[in-house]
Every structure is written in C-alpha cells, then in structure tokens.
Amino acid sequence: MESMGVLVAVAVLVILVLLIAASCVKIVPQAHAAVIERLGGYLATWGVGIHFKAPFIDRIAKRVLLKEQVVDFPPQPVITKDNVTMQIDTVVYFQITDPKLFAYGVENPIMAIENLTATTLRNIIGDLELDETLTSRETINTKMRASLDVATDPWGIKVNRVELKNIIPPQAIQDAMEKQMKAERERREAILKAEGEKKSTILVAEGKKESAILDAEAEKQAAILRAEAHKEAMVREAEGQAEAILKIQQANADGLRFLKEAAPDAAVLQLKSLEAFTKAADGKATKIIIPSEIQGIAGLAKSIVEVGVEKNETAKR
C-alpha cells in the first residue's frame, strides 16, 4: 500500500512538472508581440517564434497586435471661427511600433487617442470658418495626423492617417446650403440656356451670311457669263461686219479690175458716173448738182432713148 502511494505521488509530481514545463513554452504568432515581466519588472519583448519563460517568476504582461488598426470615433461637437456648431466624426489609422512603450506609456491608449483627436480637431476647426471647413478636408487631415503622431510617439504608437468621415452642420445651415446649391444650379442652367441661344443666333447669322455670299458669288458668276456672252456676240457681229465690208471691198476691187481690163471709153465712164449719182440720190435727195461733163452725156443718153422709142413705134406699125 505504501509503495502504491509513493508511485501515485511520483506520477502526480511528474504530471505537474510536465504541465509547468508546458506552460513555460510560449509561441508568438506573426504580427504579434509579447511584453514579459519578471517579478513585476519589465524583462523583454518577445517577437515571432517559440520562447521559454521561467516558471512562477516570469509572466506575459501584455500581448500586442502589430498590424495597422482602424478606430472610428463617434461625432464630436466643434465650433468654427464664425461660431457655427457642427458635428464631425473621424477615422484614425494607427500602428503600434514599440510594444514596451505601448504597454507602459498610457493606461488606455484607444481612449487617449480619442480624446486627443477631439481636442486637436477643436483647435484646428476653431481657426477656420464654415466654408473653409467644408472645403479643406485634406488640410485638416494633414494637420491632425501630424499633431497626433507627435503626441502618440511616447506611447509607442504611430498615426499613419486621419480622415474626416462626416461633417454635419446644423439643419438651418444645411437648408441654406441646399437653397444656395439650387440657386447655383438654376444660374448655371440659365447661363447654359443663354449660351445655347447665343450659339444658335450666331449659327443662324453665319448661315445667312454664307447664303448672301453664295448668292452674290452666283450673281457675279452670272454677270461674268453674260458679259462674256455679250462680248462674244459683239465679236462675232464685228467679225461679220468686217467680213461683209471685206467682201464689198473685194467686189468693188474686182469690178474696178474688170472695168480696167475692159478698157472702156469716155462715154461709158460718164454713164457709170451718171448711174452712181442716181444711186446716190436714191429717190431721197431733193437737189443734186451734176457736173457739166455728166450733163452732156445725160443729153446723149436722152437722145439715145428717144431714138430707141421711135424705132419701137415704127416696128409696131
């Protein structure tokens, strides 16, 4: 019985030793860290991997997540430079860079960041008017990130980014902004309508101008064509007249040549002169002066005519 009791005690002791040894073996996963204390004082910071601690005197004081974390804080009331109260909620992106400072720097780091964000936001917005607040998000984000990063550095925290999630002005301001936006849209609509009408008027005027130019060009071309046609007609008429005159002169020249070749006597020439005077009179002249040489030949011609008439009467008898 005594040996059995000893064996049971030894077995319990062995199991207890194994459990204590197992509890002293710790594994730290990726993106995590562990702050180790010995007898209440800081001993070391464990990184990724397997670690061993002394039983009963070492303990894990704090487990720290090294990933970037996001905290969305509720809306905070802030007052602008022109005394407008609005609600602004922020989103902070931070990362723990020193587990020791994070474990011993501040009691509640998230609450500390929240309060620090609220006070920093009030300080920045207090220097801006309402319109600047609504249009300067990037500037506010940059100032807040720089201020929070400096303040949280002793806590082992690095603030990577700060974003203003929502800016909620009072209802009266929202109504005024909506009216302003509506008026602005109506103004833009009126401007666009006026510009459209202006462009339409310009296009119509340009169309009329181009039409008038085309009409004038067409009239000009028609006038040019008419002038060219008239010119060609006059040229053809002049050519016809010239050709007629040339033919008359040619005929006269041929008559003179034939007359010269025939060698006419003086009587024939005087008769031809008389015929020329007769044609010149043409029944329209009231008075004709005939040279004395032609008068003699005229009397001769009358005598010849009378002789011819007597011969005709004798023949009839």
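We now turn to the structure provided with this report. (Residues numbered from 1 in each chain as written. Predicted model: local features only at pLDDT ≥ 70, side-chain atom pairs only at ≥ 80, totals over all residues. Heavy atoms only, no water.)

The subject of this paragraph is the pairing of strand 8 (residues 85-96). Direction of pairing for strand 6 (residues 69-72) relative to strand 8: antiparallel, over a ladder of four bridges. Residue Gln 69 lies in a different strand from strand 8, and its bridge partner there is Phe 94. Bridging between strand 7 (residues 76-79) and strand 8 involves four bridges; their strand directions are antiparallel. The residue bridging Gln 76 from the neighbouring strand is Ile 88, located in strand 8. Following strand 7, the chain reverses through five residues before pairing antiparallel with strand 8; Asn 83 in that reversal takes a positive phi of roughly 65 degrees. For strand 8 and strand 9 (residues 157-168), the ladder comprises ten bridges, and the chain directions are antiparallel. Among the inter-strand pairings, Phe 94 is bridged to a residue of strand 9, identified as Val 159. (Pairing = 2+ DSSP bridges. Helix = DSSP H or I, 4+ residues; strand = E, 2+ residues; numbered from the N terminus.)

Looking now at the pattern of salt bridges. For the coordinates displayed, the defined rule picks out ten salt bridges. The partner of Asp 58 in a salt bridge is Arg 38, with the nearest N and O atoms 2.5 Å apart. Residue Asp 58 is located in strand 5 (residues 58-65), and its partner Arg 38 is located in strand 2 (residues 32-38); the two are separated by 20 residues in the primary sequence. Looking at Asp 58, the relative accessible area reads 6%, which means it is buried. Look at Arg 38 and you get partly exposed, because its relative accessible area is 37%. Each member of the salt-bridge network shares a partner with another, and the members are Arg 145, Asp 149 and Lys 158. (Salt bridge = Lys/Arg side-chain N within 4 Å of Asp/Glu carboxyl O. Buried < 20%, exposed > 50% of the residue type's maximum accessible area, 1.4 Å probe, protein only.)

This part takes up helix 5 (residues 137-152). Residues separated by three or four positions in an α-helix point in the same direction, a consequence of the helix having 3.6 residues per turn. With 16 residues, helix 5 extends 22 Å between its outermost C-alpha atoms, agreeing within 8% with the 22 Å of an ideal straight helix rising 1.5 Å per residue. Those residues of helix 5 lying buried are Ile 140, Asn 141, Met 144, Leu 148, Asp 149 and Thr 152. Down the axis of helix 5, the sector holding all buried residues measures 155 degrees, keeping them to one side. (Expected span 1.5 Å × (residues − 1). Arc of directions from axis to C-beta.)

Below, the discussion takes up helix 3 (residues 109-125). Under the 1.5 Å per step criterion, the end-to-end length of helix 3 is 24 Å for 17 residues, consistent within 8% with the ideal 24 Å. For helix 3, the complete set of buried residues consists of Pro 109, Ala 112, Ile 113, Leu 116, Thr 117, Ala 118, Thr 120, Leu 121, Ile 124 and Ile 125. For helix 3, the elements touching its buried residues are strand 7, strand 8, helix 2 (99-105), helix 4 (130-135), helix 5 and strand 9. (Contact = heavy atoms within 4.5 Å.)

Once that is clear, we can look at the packing of aromatic side chains. The description of an aromatic ring pair uses the distance of the two centres, along with the angle that the planes make with each other. If you walk through the whole model with that rule in mind, you get one aromatic pair. Look at Tyr 42 and Tyr 104: their rings are 6.1 Å apart centre to centre, the planes differ by 85 degrees, and that puts the pair in the edge-to-face class. Pair noted here: Tyr 42 is in strand 3 (residues 41-46) and Tyr 104 is in helix 2, with a separation of 62 residues, a long-range link. Since its relative accessible area comes to 34%, Tyr 42 is described here as partly exposed. Lying over the aromatic face of Tyr 93, Arg 161 brings its terminal NZ or CZ to 4.4 Å of the ring centre. (Phe/Tyr/Trp six-rings, centres within 6.5 Å; stacked < 30°, edge-to-face > 60°. Lys NZ or Arg CZ within 6 Å of the ring centre and 35° of its normal.)

Moving on, we get to the side chain of Asn 141. Position of Asn 141 relative to the elements: it lies in helix 5. Overall, Asn 141 belongs to the buried group, its relative accessible area being 7%. In terms of polar contacts, Asn 141 uses its side chain to reach the side chain of Glu 163, at 3.2 Å. Excluding its chain neighbours within four sequence positions, the residues that come into contact with Asn 141 are Val 162, Glu 163 and Leu 164. (Polar contact = N/O pair within 3.5 Å; in protein donor to acceptor, adjacent residues only side chain to side chain.)

A word on the environment of Asp 58. Each C-alpha atom of the pair Asp 58 and Arg 38 lies 4.4 Å from the other, and the pair is 20 residues apart in sequence. Beyond its immediate stretch of four places on either side in the chain, Asp 58 contacts Ile 36, Glu 37, Arg 38, Leu 43 and Lys 53. At a separation of 2.5 Å, a polar atom in the side chain of Asp 58 contacts the side chain of Arg 38.

Tracing the sequence through the fold places Val 28 in strand 1 (residues 25-28). For the pair formed by Val 28 and Val 48, sequence separation is 20 residues and the distance between their alpha carbons is 4.8 Å. Every residue in contact with Val 28, bar those within four places of it in the chain, is listed here: Ala 33, Ala 34, Trp 46, Gly 47, Val 48, Gly 49 and His 51.

Read across the open sheet, the three strands follow the order 3-2-5; overall the sheet is antiparallel. Each of the sheet's edge strands pairs with one partner strand only, and the pair in question is strand 3 and strand 5. When the angles between neighbouring strand axes are averaged without regard to direction, this sheet yields 25 degrees. Pairing geometry for strand 2 and strand 3, over five bridges, is antiparallel. Residue Val 35 lies in a different strand from strand 3, and its bridge partner there is Thr 45. (Axes fitted to C-alpha atoms, helices over the stretch in contact; angles between N-to-C directions.)

The values reported here are purely geometric and, on their own, carry no functional implication.
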